[in-house]
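Residues per chain, in single letters:
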Amino acid sequence: MLSRSRCVSRAFSRSLSAFQKVRCWLRVILFLAGVSLCQGPGYPNSRKVVINNNSVFSVRFFRTTAVCKDDLVTVKTPAFAESVTEGDVRWEKAVGDTVAEDEVVCEIETDKTSVQVPSPANGVIEALLVPDGGKVEGGTPLFTLRKTGAAPAKAKPAEAPAAAAPKAEPTAAPVPPPAAPIPTQMPPVPSPSQPPSSKPVSAVKPTAAPPLAEPGAGKGLRSEHREKMNRMRQRIAQRLKEAQNTCAMLTTFNEIDMSNIQEMRARHKEAFLKKHNLKLGFMSAFVKASAFALQEQPVVNAVIDDTTKEVVYRDYIDISVAVATPRGLVVPVIRNVEAMNYADIERTITELGEKARKNELAIEDMDGGTFTISNGGVFGSLFGTPIINPPQSAILGMHAIFDRPVAVGGKVEVRPMMYVALTYDHRLIDGREAVTFLRKIKAAVEDPRVLLLDL
């Protein structure tokens, strides 16, 4: 009986240990069901489970870069500013392209600026959900991206074509017979009669190929091509036409002797650059002079509210500076100019100009503005009448500096002169106020001590 009881107890203990093992394995299986779904042979840093001989298991957690169900993401259009409702998509990447994190995939052209859409992570573009040139609104799905753990190697693909090029030359070199027909095909290639305007056209235009195919048809060729007007250019055209239809525009002119401001700049530009790390230009002098004149003639800084038929006088001075970009004319705003000195103005102009060249201007940089300055002189303009930038009431046009004979103290002298033009809304601003405003600018630029003495 004793031996039989011992056998029963041993069998029971064995079955109990086996049950414990089964129970332990069940725990491991349940754990793996929730954890190892995210594991795979391609993720070396995944989690590992270690089980010892005593049926006691322990889990070691490792840092993982694997992505489970979130490896495929849909990137949506970022939210626009309140004044912008939609934009046109221009793709920089195609399906199958490998992109790095923060690499630009597409640009969205709006009425005022272009918004860049970067990749949220390293990955491969699976699908483009909007055609090139398609219209999108805030929150519209743009493309799907399959994430990858590592950043794409850009150097190797670039080196591959370079390495393949020398190999192509030896294969072409041992074939001398085709060298004979080459002189007969060379004359049609230059095609001097082709108009130079076709050179900047994109290579994807199929209309440029037929003129080169026929040698005799090059003479007297008259070609043309079409390009879609971008949203910024459409908006500029719309606003300028609205200004012509709404404002009673009138332009008054004056000329400024730039001798003193040139002498001041030549004398102090080195010290100015050393202290402020900025170049001293002429634009800061005109911006400061305009702020001074706007304080003296506040009606030029005002605007008509057509809905309430009221005149809105601004107690602040925000001057828009027109900047030409390949996409069109943009007008970033220098805010609170009345509280700025020359260094502050030059620093702000430099920062805004750099952002404009990099196409990084935001809507906030161009929103508002109470007065505009347009400098056509950088392109050599001698004379011109600028158009008001609505909803403003006036705009100052600067022009190029040319040496001209002028009467100074009863004598004829050659001085560096600039024509300036003020276009204003005659519904609000009278001729007396406009002429007085332009004379204030002339006095402050010709003799900056007028600003110091508040004359």
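Note on the protein chain: under the UniProt heading Sequence similarities (unreviewed entry), the record states "Belongs to the 2-oxoacid dehydrogenase family." Recorded in UniProt under Catalytic activity (unreviewed entry), the annotation for the protein chain is "N(6)-[(R)-dihydrolipoyl]-L-lysyl-[protein] + succinyl-CoA = N(6)-[(R)-S(8)-succinyldihydrolipoyl]-L-lysyl-[protein] + CoA".

A. Inspection of the overall build of the protein chain at higher detail. Each helix and strand counted, the protein chain has 11 helices and 20 strands in total. Looking at the protein chain residue by residue over its 455 residues, the buried ones come to 33%. Summarising the internal contacts of the protein chain: among those between residues at least 6 apart in sequence, 63% fall at separations of at least 24. When the accessible surface of the protein chain is summed, it comes to about 28,300 Å², and 56% of that surface belongs to carbon and sulfur atoms.

B. Region of interest: helix α10 (residues 431–446). Here α10 spans 22 Å end to end across 16 residues, near enough to the 22 Å set by a 1.5 Å rise per residue. Those residues of α10 that fall on the buried side of the exposure criterion are E433, A434, F437, L438, K440, I441, A444, V445 and E446.

C. Quick peek at the sheet that holds strand β14 (residues 319–321). Strand order in the open sheet made by the six strands is β11-β20-β19-β18-β14-β17, with mixed pairing throughout. A single partner strand is all that each edge strand has here, and the edge strands are β11 (249–257) and β17 (333–334). In this sheet, strand β18 (residues 371–375) lies alongside β14 in parallel orientation, the contact comprising three bridges. Paired with V321 across the bridge in β18 is I373. Packing against the sheet, helix α7 (residues 283–296) makes contact with β11, β14, β18, β19 (394–408) and β20 (411–425), and its axis sits at approximately 150° to β18.

D. Here's a closer look at the nonpolar core. F286 and F371 are the most contacted members of the largest nonpolar core, which has 53 residues in total. Among the elements that line this core, the one with the most residues is α7, at nine residues. Core analysis: the second largest hydrophobic core is formed by 18 residues, V84, W91, V105 and I125 among them.

E. Up close: helix α5 (residues 231–246). The end-to-end C-alpha distance of α5, which contains 16 residues, comes to 22 Å, matching closely the 22 Å that a straight helix rising 1.5 Å per residue would cover. Contact partners of the buried residues in α5: β4 (86–91), β6 (104–109), β9 (135–137), β11 and β16 (328–330).

F. Layout of the packing of aromatic side chains. If you walk through the whole model with that rule in mind, you get four aromatic pairs. Ring centres 5.5 Å apart and planes at 65° place the aromatic pair F371 and F437 in the edge-to-face group. Placement of F371 in strand β18 and of F437 in helix α10 is noted, with a sequence separation of 66 residues between them. In this structure, F371 and F437 share a single accessibility class: buried. An aromatic cluster of three or more residues is present, and its members are F253, F383 and Y419. Above the face of the F282 ring, R265 is positioned so that its terminal group lies 5.3 Å from the ring centre. Here the guanidinium or amino end of R404 rests over the ring plane of Y419, the centre of that ring lying 4.0 Å away.

G. Summary view of the pairing of strand β10 (residues 141–147). Note: strand β3 (residues 72–76) against β10, five bridges, orientation antiparallel. Bridge pairing links L72 to R146 in β10. Strand direction decides the pairing type here: strand β8 (residues 123–128) and β10, joined by five bridges, are antiparallel. Counterpart to L128 in the pairing with β10 is F143.

H. Spotlight on the packing of helix α6 (residues 259–276) against helix α8 (residues 342–357). Interhelical geometry of α6 versus α8 gives an angle of 70° and a closest axis separation of 12 Å. Here α6 lies roughly perpendicular to α8, going by the angle between them. For the pair α6 and α8, the contacting residues are M264, F272 and H276 in the first and Y342, A343, E346 and R347 in the second. Residues of the contact of α6 with α8, tallied by class, amount to four nonpolar, one polar and two charged.

I. Structural detail: the packing of α7 against α10. Where α7 meets α10, the closest approach of the two axes is 8 Å, and the angle between their N-to-C directions is 135°. If you check the angle between α7 and α10, you find them oblique. Between α7 and α10 lies a crossing whose hand is right-handed. Contact with α7, carried on its side by A285, F286, A289, S290, F292, A293, L294 and E296, involves F437, K440, I441, A444 and V445 of α10 and no other residues of that element. Residue composition of the contact of α7 with α10, grouped by class: 10 nonpolar, one polar and two charged.

Definitions and cut-offs
- Residues numbered from 1 in each chain as written.
- Predicted model: local features only at pLDDT ≥ 70, side-chain atom pairs only at ≥ 80, totals over all residues.
- Heavy atoms only, no water.
- UniProt positions renumbered as here; feature names shortened; annotations may be inferred.
- Helix = DSSP H or I, 4+ residues; strand = E, 2+ residues; numbered from the N terminus.
- Buried < 20%, exposed > 50% of the residue type's maximum accessible area, 1.4 Å probe, protein only.
- Contact = heavy atoms within 4.5 Å.
- Areas by Shrake-Rupley, 256 points an atom, 1.4 Å probe, with all protein chains shown as cover.
- Expected span 1.5 Å × (residues − 1).
- Pairing = 2+ DSSP bridges.
- Axes fitted to C-alpha atoms, helices over the stretch in contact; angles between N-to-C directions.
- Core = buried A, V, L, I, M, F, W, Y, C linked by side-chain atoms within 4.5 Å.
- Phe/Tyr/Trp six-rings, centres within 6.5 Å; stacked < 30°, edge-to-face > 60°.
- Lys NZ or Arg CZ within 6 Å of the ring centre and 35° of its normal.
- Parallel < 35°, antiparallel > 145°, perpendicular 65-115°, else oblique.
- Nonpolar A, V, L, I, M, F, W, Y, C, P; charged D, E, K, R; others polar.
- Left-handed = near helix turned anticlockwise from the far one by under 90°.

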